[in-house]
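Per-entry structural report
Next come the chains, spelled out residue by residue.
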Amino acid sequence: MTKIKSDPDGPEAQGEACGGERTYHELLVNLNPIAQPLASRRLTRKLYKCIKKAVKQKQIRRGVKEVQKFVNKGEKGIMVLAGDTLPIEVYCHLPVMCEDRNLPYVYIPSKTDLGAAAGSKRPTCVIMVKPHEEYQEAYDECLEEVQALPSPH
């Protein structure tokens, strides 16, 4: 048996040519049912930029255990959750913790992109961005938009 070479101009080759980048609408297909409030495409991009700036200043908390620990200690910041995390039991208690402490939280479509924004090859399902004077303007802009989103109730 010999391998049949695929046609380089075929539809599969064109799909692979665009790389791992998937559009915002393609990512929405994988959302879980609790992913509310969901960030718009524009807000998602702003959040990624804010996360990248926060990483440089070491002002983020990454992962369920770390975020939960510091929320319990009373730390403030924007919680960004990935909407495509399964099983949802892994992090479904975090929005409730945020509401109890009046912390803003928002869902974005992809845990892979969230991990990449944090400078990691590993996907991550939750990040908390803490305020810092180096990127205060970007943080405040994101905070304002996140708080303007309708609450899931």
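Residues numbered from 1 in each chain as written. Predicted model: local features only at pLDDT ≥ 70, side-chain atom pairs only at ≥ 80, totals over all residues. Heavy atoms only, no water.

1. Quick look at the packing of aromatic side chains
Counted by the stated rule, this structure contains 2 aromatic pairs. Relative to Tyr107, the ring of Tyr91 lies with its centre 6.2 Å away and its plane at 85°, an arrangement referred to as edge-to-face. With a gap of 16 residues between them, Tyr91 in the loop between β2 (78-82) and α5 (94-100) and Tyr107 in strand β3 (residues 105-108) connect regions that are remote in the sequence. Measuring from ring centre to ring centre gives 6.4 Å for Tyr105 and Tyr107, while their planes differ by 80°; the resulting arrangement is edge-to-face. What makes Tyr107 buried here is its relative accessible area of 1%. Ring-pair connections join several aromatic residues into one group, and the members of that group are Tyr91, Tyr105 and Tyr107. Across from the ring centre of Phe70, 3.6 Å away, lies the NZ or CZ of Arg61, which sits over that ring. (Phe/Tyr/Trp six-rings, centres within 6.5 Å; stacked < 30°, edge-to-face > 60°. Helix = DSSP H or I, 4+ residues; strand = E, 2+ residues; numbered from the N terminus. Buried < 20%, exposed > 50% of the residue type's maximum accessible area, 1.4 Å probe, protein only. Lys NZ or Arg CZ within 6 Å of the ring centre and 35° of its normal.)

2. Remarks on helix α3 (residues 41-56)
An ideal rise of 1.5 Å per residue puts 22 Å on 16 residues; α3 measures up with 23 Å between its terminal C-alpha atoms. For α3, the complete set of buried residues consists of Leu43, Thr44, Lys46, Leu47, Tyr48, Cys50, Ile51 and Ala54. After α3 finishes, the residue Lys58 shows a positive phi value of roughly 55°. (Expected span 1.5 Å × (residues − 1).)

3. Quick word on the side chain of Thr44
With respect to the element layout, Thr44 can be found in helix α3. A distance of 2.7 Å separates a polar side-chain atom of Thr44 from the backbone oxygen of Ser40. Excluding anything up to four places from it in sequence, Thr44 contacts Tyr24, Ala39, Ile108 and Pro109. (Polar contact = N/O pair within 3.5 Å; in protein donor to acceptor, adjacent residues only side chain to side chain. Contact = heavy atoms within 4.5 Å.)

4. Structural notes on the sheet that holds β3
Read from one edge to the other, the open sheet built from 4 strands follows the order β1-β4-β2-β3, with strand pairing classed as mixed. A strand with exactly one partner marks an edge of an open sheet, and here the two such strands are β1 (60-62) and β3. Sheet twist, expressed as the average angle between the axes of neighbouring strands with direction ignored, equals 20°. Here β2 pairs with strand β4 (residues 126-129) via 4 bridges, running antiparallel. (Pairing = 2+ DSSP bridges. Axes fitted to C-alpha atoms, helices over the stretch in contact; angles between N-to-C directions.)

5. Focus: the layout of surface pockets
Here the second largest pocket is characterised by a volume of approximately 200 Å³. Taken together, 14 residues form the lining of the second largest pocket, with Leu103, Pro104, Tyr105, Val146 and Ser151 sitting closest to its centre. When contributions to the lining of the second largest pocket are tallied by element, the ones reaching two or more residues are α5 and α7 (136-148). Here the lining of the second largest pocket is composed, by residue class, of 9 nonpolar, 4 polar and 1 charged. (1 Å grid on protein atoms, 1.4 Å probe; cavity = no way out; pocket = protein on both sides within 12 Å on 5 of 7 lines; lining within 4 Å. Points joined across faces, edges and corners; volume = space filled by probe spheres on them. Nonpolar A, V, L, I, M, F, W, Y, C, P; charged D, E, K, R; others polar.)

6. With respect to the pairing of β2
Along any regular strand the residues' side chains alternate between the sheet's two faces. Within β2, 5 of the 5 residues are buried, which leaves it mostly tucked inside the rest of the structure. Both β2 and β3 contribute to a ladder of 4 bridges, which runs parallel. Paired with Met79 across the two strands is Tyr105, which belongs to β3. For the segment spanning β2, α5 and β3, crossover handedness is right-handed. (Right-handed = clockwise from strand over helix to strand, strands pointing away.)

7. Considering the pattern of salt bridges
On inspection of all chains with the given rule, the structure shows 6 salt bridges. Where Lys46 meets Glu141, a salt bridge forms, and the shortest distance between an N and an O atom there is 2.9 Å. A residue pair is termed long-range when its members are at least 10 positions apart, and Lys46 in helix α3 and Glu141 in helix α7 qualify at 95 residues. A relative accessible area of 37% means that Glu141 is categorised as partly exposed. Close ionic contact of Lys130 with Glu75 constitutes a salt bridge, the shortest N to O distance being 3.9 Å. Here Lys130 is found in the loop between β4 and α7, whereas its partner Glu75 is found in the loop between α4 (64-72) and β2, with 55 residues between them in sequence. Residue classification places Lys130 among the buried positions, given a relative accessible area of 13%. (Salt bridge = Lys/Arg side-chain N within 4 Å of Asp/Glu carboxyl O.)

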